[in-house]
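Structural features, examined
Now for the letters of each chain:
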Amino acid sequence: MGDLAELRKVLVLYTGGTIGMKKNHQGVLVPVPDVFTNKLKSCQELNDPDLARIYSVRNHELITKVSSCSKVIAYQVREYHPLLDSCNMTPKEWVIIAKNIEENYNEFDGFVVLNGTDTLAFTSSALSFMFKNLHKPIVVTGSMIPIFENPSDAKNNILSSLVFASISDIPEVCVFFANKLMRGNRVRKLATSSIDCFDSPNYPILAETGFHCRIHRHYILPKNDRSALLVHTCLSESVGILYMFPTLSRTQEGTLGPFVL
Ligand SMILES: NC(=O)C[C@H](N)C(=O)O
């Protein structure tokens, strides 16, 4: 390969969400199949034809490079069928995502999951508990504005997620959104009409981008290189969120039926 920069490989799992939606005849945003990857291919920041030639990437692969990083990122996009508004996602989809990552684990340096923002925090949290002895980054992201619109937060979220998935060596399920990389099971969606809609109120941010890219290594989980990856796919659906409030009584707890406190 001579002087060529090192190539890192990422698998992108595209489950749906606003990031790939288009307006229908009624002006409502809906997921549209088979258009997203071509859109990525046509964006110079996300797919560089010169690099594609130099690295002789295959037809279904995209390739990019960010100025601040010496590595080149080649990635493949797997589109799910049907594409979902994330309000319709269930544990069944979390299991499919986890299995897809497990099947391709050895072939890629990291993984990006594109998920709608409404349940993105649930997906990232569920995945973080499904993977044990993770050695590679899994970055969950999405956008508030579709990639087909201009301006949109989609390109930045995808590009930064690709960078963290390929070179960061962070052995965690994380969420990247609006210049922040956060622990997957600590994020919350806190706004519905802001680009910066996720935060991590109960754990510090793992990394940030912008003027400088900073990874806060001391907040990142240590890597356990000796143990093999384990993926738990047997999930109970009898799980709910119960917010504690001052007058919560035993009787109210009792009305929760099959949920275990
Ligand atoms: N911004 C988004 O992705 C919202 C969308 N309704 C979803 O969660 O799929």
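In this text, all values refer to a predicted model and were calculated from it rather than measured experimentally. (Residues numbered from 1 in each chain as written. Predicted model: local features only at pLDDT ≥ 70, side-chain atom pairs only at ≥ 80, totals over all residues. Heavy atoms only, no water.)

Re unusual backbone geometry
Backbone torsion omega between His81 and Pro82 reads -5°, so that peptide bond is classified as cis. Within the secondary structure, Pro82 is located in strand β5 (residues 72–84). Here the residue pair Asn150 and Pro151 is connected by a cis peptide bond, since its omega of 5° sits within 30 degrees of zero. Note on placement: Pro151 falls in the loop between β8 (138–141) and α5 (154–167). The phi angle at Asp34 is positive, at roughly 60°, despite the residue not being glycine. (Helix = DSSP H or I, 4+ residues; strand = E, 2+ residues; numbered from the N terminus.)

Let's talk about the pattern of salt bridges
Where charged atoms from two side chains of opposite charge approach closely, those side chains can pair. For the coordinates displayed, the defined rule picks out 10 salt bridges. Salt-bridge contacts for Arg8 lead to Glu6; the nearest nitrogen and oxygen are separated by 2.8 Å. Connected through shared salt-bridge partners, Lys9, Arg58 and Glu61 make up one network. (Salt bridge = Lys/Arg side-chain N within 4 Å of Asp/Glu carboxyl O.)

Overview of the site of the ligand
Near the ligand, the surroundings consist of Gly17, Thr18, Asp85, Ser86, Gly116, Thr117, Asp118, Ser143 and Met144. At 2.8 Å from a nitrogen atom of the ligand is found a side-chain nitrogen or oxygen belonging to Asp118. Coverage of the ligand by the protein chains reaches 90% of its 270 Å² of free accessible surface. Residue composition of the shell around the ligand, grouped by class: 1 nonpolar, 6 polar and 2 charged. (Near = heavy atom within 4 Å. Polar contact = N/O pair within 3.5 Å; in protein donor to acceptor, adjacent residues only side chain to side chain. Areas by Shrake-Rupley, 256 points an atom, 1.4 Å probe, with all protein chains shown as cover. Nonpolar A, V, L, I, M, F, W, Y, C, P; charged D, E, K, R; others polar.)

Some points on the nonpolar core
The tendency in soluble globular proteins is for nonpolar side chains to be buried as a group. Core analysis: the biggest nonpolar cluster contains 34 residues, and Ile97, Ile101, Leu127, Phe131, Ile138 and Phe177 have the highest contact counts within it. Elements supplying a minimum of two residues to this core: β1 (7–16), β5, α3 (91–103), β6 (110–114), α4 (120–130), β8 and β9 (173–177). Judged by nonpolar contacts, the second largest core, of 33 residues, contains Val12, Ile73, Leu159 and Val163. (Core = buried A, V, L, I, M, F, W, Y, C linked by side-chain atoms within 4.5 Å. Buried < 20%, exposed > 50% of the residue type's maximum accessible area, 1.4 Å probe, protein only.)

Focus on the UniProt feature "active site" (unreviewed entry) in the protein chain
Feature annotation in UniProt assigns "active site" (unreviewed entry) to the following positions: Thr18. Residue placement: Thr18 occurs in the loop between β1 and β2 (21–23). Thr18 has contacts with Leu29, Ser143, Met144, Ile145 and Pro146, leaving out every residue within four places of it along the chain. (UniProt positions renumbered as here; feature names shortened; annotations may be inferred. Contact = heavy atoms within 4.5 Å.)

Section: the UniProt feature "binding site: substrate" (unreviewed entry) in the protein chain
When the UniProt feature table is mapped onto this chain numbering, "binding site: substrate" (unreviewed entry) sits at Ser86, Thr117 and Asp118. The largest pairwise C-alpha distance within this set of annotated residues, which runs over 33 residues, is 7.0 Å, so the set is compact in three dimensions. Those annotated residues lining the largest pocket are, specifically, Asp118. Considering the arrangement of structural elements, one finds Thr117 in the loop between β6 and α4. Owing to a relative accessible area of 7%, Thr117 belongs among the buried residues under this scheme. In this view, Thr117 contacts Ser86, Ser143, Met144, Phe177, Lys189 and Phe198; residues no more than four positions away in its chain are not counted. (1 Å grid on protein atoms, 1.4 Å probe; cavity = no way out; pocket = protein on both sides within 12 Å on 5 of 7 lines; lining within 4 Å.)

A look at the environment of Val140
Position of Val140 among the secondary structure elements: in strand β8. Separated by 128 residues in the primary sequence, Val140 and Val12 have C-alpha atoms spaced 9.6 Å apart. Excluding residues that lie within four positions of it along the chain, Val140 makes contacts with Val113, Asn115, Leu120, Ser124, Leu127, Val173, Cys174, Val175 and Phe176.

Remarks on the layout of surface pockets
What the largest pocket holds in volume is close to 880 Å³. In this structure, the largest pocket is lined by 28 residues; those nearest its centre are Ala121, Phe122, Ser125, Ala126 and Ile241. Looking at which element gives the most residues to the lining of the largest pocket, the answer is α4, with 6 residues. Of the residues belonging to the lining of the largest pocket, the class tally is 15 nonpolar, 8 polar and 5 charged. Taken as a whole, the second largest pocket spans an internal volume of roughly 400 Å³. With 7 residues, the single largest contributor to the lining of the second largest pocket is α5. Taken together, the residues of the lining of the second largest pocket break down into 9 nonpolar, 9 polar and 2 charged. (Points joined across faces, edges and corners; volume = space filled by probe spheres on them.)

A look at the packing of aromatic side chains
Enumeration over the complete set of coordinates arrives at 6 aromatic pairs. Seen in terms of ring centroids, Tyr14 and Phe36 are 4.2 Å apart; in terms of plane orientation they differ by 25°. Their pairing is stacked. Taken as a pair, Tyr14 in strand β1 and Phe36 in helix α1 (residues 36–42) lie far apart in primary sequence, 22 residues in all. Classification of Tyr14 by relative accessible area gives buried; the value is 0%. For Phe36, a relative accessible area of 0% translates into the label buried. Clustering of aromatic rings is evident, with ring pairs tying together Tyr105, Phe108 and Phe111. Over the face of the ring belonging to Tyr105 we find Lys136, whose NZ or CZ atom lies 4.8 Å from the ring centre. Positioned over the ring face of Tyr203 is Arg183, at 4.1 Å from the centre of the ring. (Phe/Tyr/Trp six-rings, centres within 6.5 Å; stacked < 30°, edge-to-face > 60°. Lys NZ or Arg CZ within 6 Å of the ring centre and 35° of its normal.)

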